[in-house]
Amino acid sequence: MDRRSFVVLGSALALGACAPSGGGVQLGADGKPLPQVYRITPAVAEKIPFRLLDAVNSLRSAKGAQPLVYNSQLNAAAETHSRDMSLQNRPWHFGSDGSSPLSRVQRVGYPGRLVGENISETYQTELETLSAWMAQPDTRAIIMDPAARELGFAWFQEDNGKIWWTMVTGG
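Residues numbered from 1 in each chain as written. Predicted model: local features only at pLDDT ≥ 70, side-chain atom pairs only at ≥ 80, totals over all residues. Heavy atoms only, no water.

(A) Broad picture of the environment of Gly116. Considering the arrangement of structural elements, one finds Gly116 in strand S2 (residues 114-122). For the pair Gly116 and Ala148, spaced 32 residues apart in sequence, the C-alpha separation works out to 8.7 Å. (Helix = DSSP H or I, 4+ residues; strand = E, 2+ residues; numbered from the N terminus.)

Set out below in structure tokens:
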């Protein structure tokens, strides 16, 4: 093999190594990357509530709002609704039993006042979901409401990877 053939073969191998492999980012028909499934493992599940609470409180602190603390009753209301949205296969604020956010927090015995509820159906992380909520005035208002003092947050992940997120704030 002469020197020129070796250089050409070596260059072809080097360029071939740069080509995308089957495990890379997949593109949709519009040329944009398809969403990646965020799998919530037990190890990840332990961290999610703390990452979300830290992020929410950082956002609130930047605007001079009081930090929120988790409330187990609000967490229970959020968890019930996340599972129920999955059963209904639609993100909306009413339960399959006709319950509203207010009736759900009352049902779990929350003694405070409901400030608001944010919901989402996605394949994204909790921080990407929080970012989407912050991008919309109505959902951002619930997160940043100065009357809020407590937070409930939960999710339900289906086998296909879809995640139903629910955040409930109370004061």
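(B) Structural context of the sheet that holds S2. Read from one edge of the open sheet, four strands run S1-S3-S4-S2, paired in mixed fashion. Pairing within the sheet leaves two strands with one partner each, and these edge strands are strand S1 (69-70) and S2. In this sheet, strand S3 (residues 150-157) lies alongside S1 in parallel orientation, the contact comprising two bridges. Note on S3: the bridge partner recorded for Tyr70 is Leu151. Relative to S3, helix H2 (residues 42-62) is tilted by about 140 degrees, and along the sheet it contacts S1, S3 and strand S4 (163-170). Against the sheet, helix H3 (residues 72-88) engages S1, S2, S3 and S4, with an angle of about 30 degrees to S3. (Pairing = 2+ DSSP bridges. Contact = heavy atoms within 4.5 Å. Axes fitted to C-alpha atoms, helices over the stretch in contact; angles between N-to-C directions.)

(C) Structural context of the nonpolar core. In terms of nonpolar packing, the biggest core is built from 20 residues, with Leu130, Ile143, Trp165 and Met167 touching the most fellow members. Broken down by secondary-structure element, the contributors of at least two residues to this core are H2, helix H5 (126-134), helix H6 (137-144), S3 and S4. Per element, the largest residue contribution to this core is five residues, and it comes from H2. In this structure, Leu130 is in contact with Leu52, Ala55, Val56, Leu59, Ile143 and Met167, ignoring residues within four places of it in sequence. (Core = buried A, V, L, I, M, F, W, Y, C linked by side-chain atoms within 4.5 Å. Buried < 20%, exposed > 50% of the residue type's maximum accessible area, 1.4 Å probe, protein only.)

(D) Seen up close, unusual backbone geometry. Phi at Asn89 takes a positive value of approximately 55 degrees, unusual for a residue other than glycine. By the secondary structure assignment, Asn89 is in the loop between H3 and helix H4 (101-107).

(E) Representation of the pairing of S4 in the model. Within S4, eight of the eight residues are buried, which leaves it mostly tucked inside the rest of the structure. In S4, alternate side chains face the same way, and those of Ile163, Trp165, Met167 and Thr169 on one face and Trp164, Thr166, Val168 and Gly170 on the other are all buried. Once S3 ends, the chain turns through five residues before running back antiparallel as S4, passing Gly161 with a positive phi of about 100 degrees.

(F) Representation of the packing of aromatic side chains. Counted by the stated rule, this structure contains four aromatic pairs. Residues Trp92 and Phe94 carry aromatic rings whose centres are separated by 5.5 Å and whose planes lie at 65 degrees to one another, so their mutual orientation is edge-to-face. By relative accessible area, which is 31% here, Trp92 ends up partly exposed. Measuring from ring centre to ring centre gives 5.9 Å for Trp155 and Trp165, while their planes differ by 50 degrees; the resulting arrangement is tilted. With Trp155 in strand S3 and Trp165 in strand S4, this residue pair connects regions lying ten residues apart in the sequence. (Phe/Tyr/Trp six-rings, centres within 6.5 Å; stacked < 30°, edge-to-face > 60°.)

(G) Highlighting the pairing of S2. For S2, a buried count of eight out of nine residues is recorded, marking the element as mostly surrounded by other parts of the structure. With eight bridges connecting them, S2 and S4 associate as antiparallel partners. Each bridged residue has a counterpart across the sheet, and for Gly116 the counterpart in S4 is Thr169.

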